[in-house]
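Residues per chain are reported as follows:
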Amino acid sequence: MEFLMMDWLGTPVWFWLSFLGLVVALTAFDLGILHKEDKEMGIAESLKLSAFYISIAMLFGLWVWFQKGAEMGMQYYTGFFIEKALSIDNVFVISLIFTFFAIPRKYQYRALLWGIIAVIVLRGLMIAAGAAIVEEYGWTLYIFAAFLIGTGIKMLFSGDSEMDVAKNPVVKYISTHMRVTKELHDEKFFVKVADEKTGKMVRAATPLFLALVVINLADLVFAVDSVPAIFAITTDTFIVYTSNIMAILGLRALYFALAAMVHRFHYLKYALALVLVFIGSKIFVSDFLLDGDKFPPILSLGVTFALILGGIGFSLWKTRNDVEAPGAAQF
């Protein structure tokens, strides 16, 4: 029992084990029961499953609120809303990747699930490294803040540009250094095929594996923005990690609803840009204008939520008469 009450990164071990148990249970339930067989997910099912994951995240936030205090609870919700909104940007990139590799809809969910499992590990490593750096060199928060402000300003004034998957160096490297089949083999990432020269059976990757690799690389790129953003809200490693992972867990469910109407969220990126500028500016305001006093958590949560909700609302209103984006019907 003493082990469970020990602190690890500022939080009792039993907190960490409870959260990891919840993640494992949700993942096992999702893969082993809800989607034991590969099938297409409709928009209605996607929205219902998304609502389930968001409800779990909200309830977990209440648990954090009562266990760690109101301030930590508000920091968790702020981080969750930011990560959830930033993940919407991922949807468009993921849809491009699946389209490029011609991945049928019924195999996309399984690829996304394994992608999420990889993200849980990779984000954990990035957050652990970030926490260690901030703990040792507190001034790095100013670098995070400046980076967020610069990224937000760049997002406000940059034009739209599509990701060119064909030019991705990793895709080129794998395609030239590994055997890759030209066609899919159901949900398999690797299969055995006959070598063209020797006729012997050899292991080869499938386009589904390539899609999975590129999706994970894309997430790492997005994490460069999202991880500093959450550290600008709180340096509590438990809050940083849990808000990040809870936002990502439901992404694969929300994907199928958003992919069909991603063109309706065109203006959300401007709201996200303002969120990044606000979160980055908050650190400088706290240290230089408030004489080191903390920026009120309730105000931070309110501004963040208002910007995100406003961006979504404005996008839906502005594009209310738009036709479906080309290629969206594939999803």
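Residues numbered from 1 in each chain as written. Predicted model: local features only at pLDDT ≥ 70, side-chain atom pairs only at ≥ 80, totals over all residues. Heavy atoms only, no water.

*Asks:* Which residues make up the packing of helix H4 (residues 70–100) against helix H10 (residues 251–259), and what are the values?
*Replies:* Between H4 and H10, whose axes approach to 10 Å, the crossing angle comes to 65°. Here H4 lies roughly perpendicular to H10, going by the angle between them. Our pair here, H4 against H10, has a crossing hand that is right-handed. In contact with Lys84, Ser87, Ile88, Asn90, Val91, Ile94, Ser95 and Phe98 of H4, H10 contributes Leu251, Leu254, Tyr255, Leu258 and Ala259. When the residues that make up the contact of H4 with H10 are grouped by side-chain class, the tally is 9 nonpolar, 3 polar and 1 charged. (Axes fitted to C-alpha atoms, helices over the stretch in contact; angles between N-to-C directions. Helix = DSSP H or I, 4+ residues; strand = E, 2+ residues; numbered from the N terminus. Parallel < 35°, antiparallel > 145°, perpendicular 65-115°, else oblique. Left-handed = near helix turned anticlockwise from the far one by under 90°. Contact = heavy atoms within 4.5 Å. Nonpolar A, V, L, I, M, F, W, Y, C, P; charged D, E, K, R; others polar.)

*Asks:* Which residues make up the packing of aromatic side chains, and what are the values?
*Replies:* What the rule picks out here adds up to 27 aromatic pairs. On the basis of an interplanar angle of 15° and a centroid distance of 6.3 Å, the ring pair of Tyr76 and Phe80 is categorised as stacked. With Tyr76 and Phe80 both in helix H4 and 4 residues apart, this pair spans about one turn of that helix. Assessed through its relative accessible area of 0%, Tyr76 is described here as buried. The ring centre of Phe15 lies 5.5 Å from the NZ or CZ of Lys68, which sits over that ring. (Phe/Tyr/Trp six-rings, centres within 6.5 Å; stacked < 30°, edge-to-face > 60°. Buried < 20%, exposed > 50% of the residue type's maximum accessible area, 1.4 Å probe, protein only. Lys NZ or Arg CZ within 6 Å of the ring centre and 35° of its normal.)

*Asks:* Kindly report on the environment of Ile116, identifying the contributing residues and their values.
*Replies:* Position of Ile116 among the secondary structure elements: in helix H5 (residues 105–136). C-alpha separation for the pair Ile116 and Thr27, spaced 89 residues apart in sequence, amounts to 9.4 Å. Excluding its chain neighbours within four sequence positions, the residues that come into contact with Ile116 are Ile248, Leu249 and Arg252.

*Asks:* Please give an account of the environment of Ser315 that cites residues and values.
*Replies:* You can see Ser315 is positioned in helix H12 (residues 297–318). Ser315 sits in the buried class, given a relative accessible area of 0%. Placed 47 residues apart in sequence, Ser315 and Leu268 show a C-alpha to C-alpha distance of 6.2 Å. Look past the residues within four positions of Ser315 in its chain and what remains in contact with it is Arg264, Phe265, His266, Tyr267 and Leu268. A distance of 3.0 Å separates the side chain of Ser315 from the backbone nitrogen of Leu268, its partner in a polar contact. (Polar contact = N/O pair within 3.5 Å; in protein donor to acceptor, adjacent residues only side chain to side chain.)

*Asks:* Any chance you could break down the pattern of salt bridges for me, citing the residues and the numbers?
*Replies:* Inspection of every chain in the model, using the stated rule, returns 2 salt bridges. Between Asp236 and Lys68 there is a salt bridge, and its shortest N-O distance comes to 3.9 Å. In this pair, Asp236 sits in the loop between helix H8 (207–231) and helix H9 (237–249) while Lys68 sits in helix H3 (residues 43–68), placing the two residues 168 residues apart along the sequence. Its relative accessible area of 13% is what places Asp236 among the buried residues. (Salt bridge = Lys/Arg side-chain N within 4 Å of Asp/Glu carboxyl O.)

*Asks:* Tell me about the pairing of strand E3 (residues 190–194), residues and numbers included.
*Replies:* In the sheet, E3 pairs with strand E4 (residues 201–205) via 5 bridges, with the strands oriented antiparallel. The partner of Val191 across the bridge, within E4, is Ala204. The hairpin formed by E3 and E4 contains 6 residues between the paired strands, and Gly199 there has a positive phi angle of roughly 80°. (Pairing = 2+ DSSP bridges.)

*Asks:* An account of unusual backbone geometry is needed here, citing residue identities and associated values.
*Replies:* Backbone geometry at Ala102 places phi at a positive 55°, although glycine is not the residue there. With respect to the helices and strands, the residue Ala102 is situated in the loop between H4 and H5. Phi at Asp186 takes a positive value of approximately 55°, unusual for a residue other than glycine. Relative to the elements of secondary structure, Asp186 occurs in the loop between helix H7 (169–177) and E3.

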